[in-house]
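Survey of secondary and tertiary structure
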Amino acid sequence: MMEVRAATERELDQLAQLWHDGWQEAHAQICPAELRRLRTLDSFRQRLQAAITDTRVIGPLGVPLGFCITKCDELYQIYVSAQARGSSAALALMADAEARLAKSGAEFVWLACAVGNDRAARFYEKSGWHRVGVVTYQAETSAGNFPLKVWRYEKRLT
Ligand SMILES: CC(C)(COP(=O)(O)OP(=O)(O)OC[C@H]1O[C@@H](n2cnc3c(N)ncnc32)[C@H](O)[C@@H]1OP(=O)(O)O)[C@@H](O)C(=O)NCCC(=O)NCCS
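Remember, it's a predicted structure, so these values are computed and weren't measured experimentally.

**Regarding the site of the ligand**
With respect to spatial proximity, 18 residues lie near the ligand, and among them Gly86, Asn117, Arg119, Arg122 and Lys126 are the closest. A distance of 3.0 Å is found between a nitrogen atom of the ligand and a backbone nitrogen or oxygen belonging to Ile78. Separating an oxygen atom of the ligand from a side-chain N or O atom of Arg122 is a distance of 2.7 Å. Mapped onto the shell around the ligand, the elements with two or more residues apiece are α1 (12-27), β4 (74-80), β5 (108-114) and α5 (118-126). Here the residues of the shell around the ligand are counted per class, giving 10 nonpolar, 3 polar and 5 charged.

In structure tokens, the structure reads:
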């Protein structure tokens, strides 16, 4: 299993690029144009900076292969670079995130997956998460919350 470590401020640029590229790839065809316009490289950098202490990374310093952010009982973000997809990187990030959520006392955890993001959905399902329905998620943007239809996934941590 590859090592998962804390993120550092020094790799904000590389992490923001990874998040931006992954978001655009996975969501360009399935999200409203208005949201796509708000998902700029700088917007991802600002959100990462704000969440840096809750961000975990896989891959060498300055050359991240992926990252994951947890927030209370939510698996908030999980992204791996295009070249790391299909490797065990995402599974290692998921195992680390679930361990951190459990350690913080969460028993039931959840995540939001944009409706139509089939690869991510398949990944969550094989990781033991259950789709409980379609809900409206308030996606965080620089222009305030943006309502987005998502698949809500839940998991009971053991
Ligand atoms: C979501 C993500 C972290 C998963 O990591 P990954 O390395 O791609 O995951 P895996 O390859 O282990 O699993 C993906 C599964 O989806 C399958 N898959 C691939 N393309 C697919 C598609 N278009 N539709 C459905 N399933 C698909 C894969 O075959 C694999 O299933 P399998 O192991 O049963 O064969 C990664 O794809 C990613 O970063 N995507 C872009 C960002 C993103 O969407 N993040 C999640 C936001 S909610």
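**Quick word on the packing of aromatic side chains**
One pass over the full model with this rule turns up 8 aromatic pairs. For the pair Trp23 and Phe44, a centre-to-centre distance of 6.5 Å together with 45 degrees between the ring planes defines the contact as tilted. Of this pair, Trp23 sits in helix α1 while Phe44 sits in helix α3 (residues 41-50), and the two are 21 residues apart along the sequence. You can call Trp23 buried: its relative accessible area is 6%. Residue Phe44 is classed as buried on the basis of its relative accessible area of 0%. Taking NZ or CZ as reference, Lys71 lies 4.0 Å from the ring centre of Tyr76, over its face. For the cation-ring pair, Arg131 lies above Trp151, with the distance from its terminal atom to the ring centre recorded as 3.7 Å.

**Some thoughts on the environment of Ile30**
Summarising the element assignment, Ile30 is placed in the loop between α1 and α2 (33-38). Judged by its relative accessible area of 30%, Ile30 is partly exposed. Among residues more than four places away in sequence, those in contact with Ile30 are Ala114, Val115, Gly116 and Asn117.

**Observations concerning the pairing of β4**
Extensive coverage of β4 is indicated by the burial of 7 of its 7 residues. Here strand β3 (residues 66-71) pairs with β4 via 6 bridges, running antiparallel. The residue of β4 that forms the bridge with Gly66 is Val80. From the end of β3 to the start of β4, which pair antiparallel, there are 2 residues, and Cys72 there has a positive phi angle of about 55 degrees.

**Focus: the nonpolar core**
Most often, soluble globular proteins keep nonpolar side chains buried together rather than apart. Ranked by size, the top nonpolar core spans 26 residues in total, and within it Leu75, Ile78, Cys113, Tyr124, Trp129 and Tyr153 carry the most contacts. If you list the elements that add at least two residues to this core, you get β4, α4 (89-103), β5, α5 and β7 (144-156). If one sorts the elements of this core by residue count, α4 sits on top with 7 residues. If we ignore the near neighbours within four places in the chain, the residues touching Trp129 are Leu75, Met94, Glu98, Val109, Trp110, Leu111, Tyr124, Tyr153, Glu154 and Lys155. Of all hydrophobic cores here, the second largest spans 25 residues; its members include Ala16, Leu18, Cys31 and Val150.

Parameters at a glance
- Residues numbered from 1 in each chain as written.
- Predicted model: local features only at pLDDT ≥ 70, side-chain atom pairs only at ≥ 80, totals over all residues.
- Heavy atoms only, no water.
- Near = heavy atom within 4 Å.
- Polar contact = N/O pair within 3.5 Å; in protein donor to acceptor, adjacent residues only side chain to side chain.
- Helix = DSSP H or I, 4+ residues; strand = E, 2+ residues; numbered from the N terminus.
- Nonpolar A, V, L, I, M, F, W, Y, C, P; charged D, E, K, R; others polar.
- Phe/Tyr/Trp six-rings, centres within 6.5 Å; stacked < 30°, edge-to-face > 60°.
- Buried < 20%, exposed > 50% of the residue type's maximum accessible area, 1.4 Å probe, protein only.
- Lys NZ or Arg CZ within 6 Å of the ring centre and 35° of its normal.
- Contact = heavy atoms within 4.5 Å.
- Pairing = 2+ DSSP bridges.
- Core = buried A, V, L, I, M, F, W, Y, C linked by side-chain atoms within 4.5 Å.

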